[in-house]
Amino acid sequence: QAHGGAVDSPARTAMRGVFSAAAVGLLLGLATQCSAYSASSAFALPRSAARSVSHATVAPASRAAASPTAARLSMVAAGPQSGLFTSSRPEDRHVEPDNLNGRTQFKVVYVVLESQYQSSMTAACKRINAQQESVAVECSGYLLEELRDAANYEAFKKEVAEADIFIGSLIFVQELADKVVEAVEPYRDSMAACIVFPSMPDVMRLQKVGSFEMKNAGTSKGGLSDFMKKNKPSGATFEDGMLKLLRALPKVLKYLPNEKAKDARSFMLSFQYWLGGSPENLEALLLNVASKYVPEIRDNQLLPDSVIQDPRLIPDRGIWHPVAKEIFVDSESYMDWYRREVAPTTGIDFDAAPTVGIILQKSHINTKDEAHYVSLIMELEAQGAKVVPTYSGALDFSILVDEYFYNSA
């Protein structure tokens, strides 16, 4: 499997424990979309390295000579090492406009588990600074594990003290969750918004999107928890049902007049944008939150709704190929496309070639940080195999095997 991290990683184990406790109200179910995220794969190539990969077949003799350990070190060593195996680079995490030109600036600070979100957020902020006429953004981002370093943590605390908007996601390591709470809590009430996606209950309690809060996260109290208990689907459709609920709720809340419903809708939309993951989605997330909750931007109506796009989401699971213009939701249409488009250009004997199924991590596809996936698929095809690259945002990968691999074999 090419999804990131080990199955029994500490972050994944902690996430399972939190989810099973039904502690985070509405996010109990919705968080399963993100819960497959873990530390980035040690096999992920920088984009610059992936571009150099061709379909030329590597000589079998050279393959035999390289041990698995040597191969891993070779892949890790390829290209610049600033991003820890992906195209994300920590030195790029701070973004600010070259020239304000009279625009109103807001500041965002975020901490995430995975570097690919860092890369996507950087691109989103650069898009805002390049395209928006009335507003600009300063943004600083941190990977969760970076907070273990004392100098990084001090810098993080100083950035948080100046932030208009804080965003946190997948903060499931208790000692690091405590650090985040310690840094953010003193400034939470003075921030325009504090948005936390699935994380430990203590971090979820920092939530503040207007009047929408999660002060009861980790307890059995609160209407959201009761609502989820009454409406959660059962069995194999649990995750699908929760994702459908996430997509439907903003449409329902739109027609409720009270402020709490409006603020809850803003949070749900923010979660949709976040799950979308692309620079375009994260750009819309930041603009939407700033337009509603940063006082100077909201009061002067600097960001009309017309400049903020709706969430653009890929299917919750499917078959993704770097050459295809679409995500395939069934194996039949994918294999038909593969026979017509891929096999002739790669020289694959479609009828005789072995089929290799791969399970990928959705967040790398969402955020367009997929160079390592591209290189793996290209190499397998160069060796004469048909490749079925599937992905899911949920924890149960058996659905992918049942739906896509058996029919494609």
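Conventions used here
Residues numbered from 1 in each chain as written. Predicted model: local features only at pLDDT ≥ 70, side-chain atom pairs only at ≥ 80, totals over all residues. Heavy atoms only, no water. Pairing = 2+ DSSP bridges. Helix = DSSP H or I, 4+ residues; strand = E, 2+ residues; numbered from the N terminus. Axes fitted to C-alpha atoms, helices over the stretch in contact; angles between N-to-C directions. Contact = heavy atoms within 4.5 Å. Phe/Tyr/Trp six-rings, centres within 6.5 Å; stacked < 30°, edge-to-face > 60°. Buried < 20%, exposed > 50% of the residue type's maximum accessible area, 1.4 Å probe, protein only. Core = buried A, V, L, I, M, F, W, Y, C linked by side-chain atoms within 4.5 Å. Parallel < 35°, antiparallel > 145°, perpendicular 65-115°, else oblique. Left-handed = near helix turned anticlockwise from the far one by under 90°. Nonpolar A, V, L, I, M, F, W, Y, C, P; charged D, E, K, R; others polar. Arc of directions from axis to C-beta. pLDDT = per-residue confidence, 0-100. Salt bridge = Lys/Arg side-chain N within 4 Å of Asp/Glu carboxyl O.

Details of the sheet that holds strand 9 (residues 386-392)
Across the sheet, which stays open at both edges, the three strands sit in the order 7-9-8 with mixed pairing between neighbours. At either end of the open sheet lies a strand with only one pairing partner, and these are strand 7 (317-319) and strand 8 (355-361). Pairwise comparison of adjacent strand axes, ignoring direction, gives a mean angle of 20° for this sheet. As defined by bridge partners, strand 8 adjoins strand 9 across seven bridges and the pair is classed as parallel. Looking at strand 9, one finds that Thr-355 is bridged to Lys-386. Its contacts with the sheet place helix 15 (residues 331-346) against strand 7 and strand 9, and it is angled at close to 145° to strand 9. Each of strand 8 and strand 9 is contacted by helix 17 (residues 371-382), which is oriented at about 175° to strand 8, the strand it contacts most.

Brief notes about the packing of aromatic side chains
Throughout the structure, instances matching the rule amount to 15 aromatic pairs. For the pair Tyr-117 and Trp-274, a centre-to-centre distance of 4.4 Å together with 20° between the ring planes defines the contact as stacked. One end of the pair, Tyr-117, is in helix 6 (residues 115-131); the other, Trp-274, is in helix 12 (residues 259-276), with 157 residues separating them in the sequence. On the basis of relative accessible area, Trp-274 is assigned to the buried category, the value being 1%. Pairing Tyr-142 with Phe-156 gives two aromatic rings, centres 5.3 Å apart and planes at 75°, and the pair type is edge-to-face. Here Phe-156 lies in helix 7 (residues 150-161) and Tyr-142 lies in strand 2 (residues 135-143), a separation of 14 residues in the sequence.

Considering the nonpolar core
Within the largest apolar cluster, 71 residues are counted, with the highest numbers of intra-cluster contacts made by Phe-106, Phe-156, Ile-167 and Val-180. Residues in contact with Val-180, not counting those within four places in the same chain, are Val-111, Leu-144, Leu-147, Phe-156, Phe-166, Ile-171, Val-203 and Leu-206. Formed by 29 residues, the second largest nonpolar core is a distinct cluster that contains Val-342, Ala-343, Phe-350 and Ile-359.

As for the packing of helix 7 against helix 8 (residues 174-184)
With their axes 9 Å apart at the nearest point, helix 7 and helix 8 run at an angle of 40° to one another. Of the possible angle classes, the one that applies to helix 7 and helix 8 is oblique. Handedness of the helix 7/helix 8 crossing: right-handed. For the pair helix 7 and helix 8, contact is made by Tyr-153, Phe-156, Lys-157 and Val-160 and by Lys-179, Val-180, Glu-182, Ala-183 and Val-184, respectively. When the residues that make up the contact of helix 7 with helix 8 are grouped by side-chain class, the tally is six nonpolar, no polar and three charged.

Section: unusual backbone geometry
Of note, Asn-101 is a non-glycine position whose phi angle comes to about 50°, a positive value. Non-glycine residue Lys-368 carries a positive phi angle of around 65°. Following the sequence through the fold, Lys-368 ends up in the loop between helix 16 (362-366) and helix 17. Owing to a relative accessible area of 41%, Lys-368 belongs among the partly exposed residues under this scheme.

Re helix 8
For helix 8, the full list of buried residues reads Leu-176, Ala-177, Val-180, Val-181, Ala-183 and Val-184. Projected onto a plane normal to the axis of helix 8, the buried residues spread over an arc of 165° and lie on a single side. Looking at the packing, one finds that the buried side of helix 8 touches strand 1 (104-112), helix 7, strand 3 (165-168), strand 4 (193-196) and helix 9 (201-204).

Overview of the environment of Val-329
Counting through the fold element by element, Val-329 comes out in the loop between strand 7 and helix 15. Sequence separation between Val-329 and Asp-316 is 13 residues, and the spatial gap between their C-alpha atoms is 9.4 Å. Setting aside anything within four residues of it in sequence, one finds Val-329 in contact with Pro-315 and Tyr-404.

Digging into the confidence of the model for the protein chain
Put simply, the protein chain has an average pLDDT of 76, and 67% of its residues get 70 or more. Taken element by element, the protein chain is modelled with least confidence in helix 5 (residues 68-77), mean pLDDT 32, and with most confidence in strand 3, mean pLDDT 98. Note that pLDDT drops below 50 for residues 1-90; the model gives that stretch 182 contacts with residues more than four away or on any other chain. In this model residues 235-239 is a low-confidence stretch, pLDDT under 50, and it forms nine contacts with partners more than four residues away in sequence or in other chains.

Concerning the pattern of salt bridges
Tallied over the entire structure, the rule returns 18 salt bridges. A salt bridge links Lys-107 to Glu-159; the nearest nitrogen and oxygen atoms lie 2.5 Å apart. Of this pair, Lys-107 sits in strand 1 while Glu-159 sits in helix 7, placing them 52 residues apart in sequence. Judged by its relative accessible area of 15%, Glu-159 is buried. Linking Asp-202 and Arg-205 is a salt bridge whose minimum nitrogen-to-oxygen distance equals 2.4 Å. Sharing partners across several salt bridges, the network here consists of Lys-107, Glu-138, Glu-159 and Glu-162.

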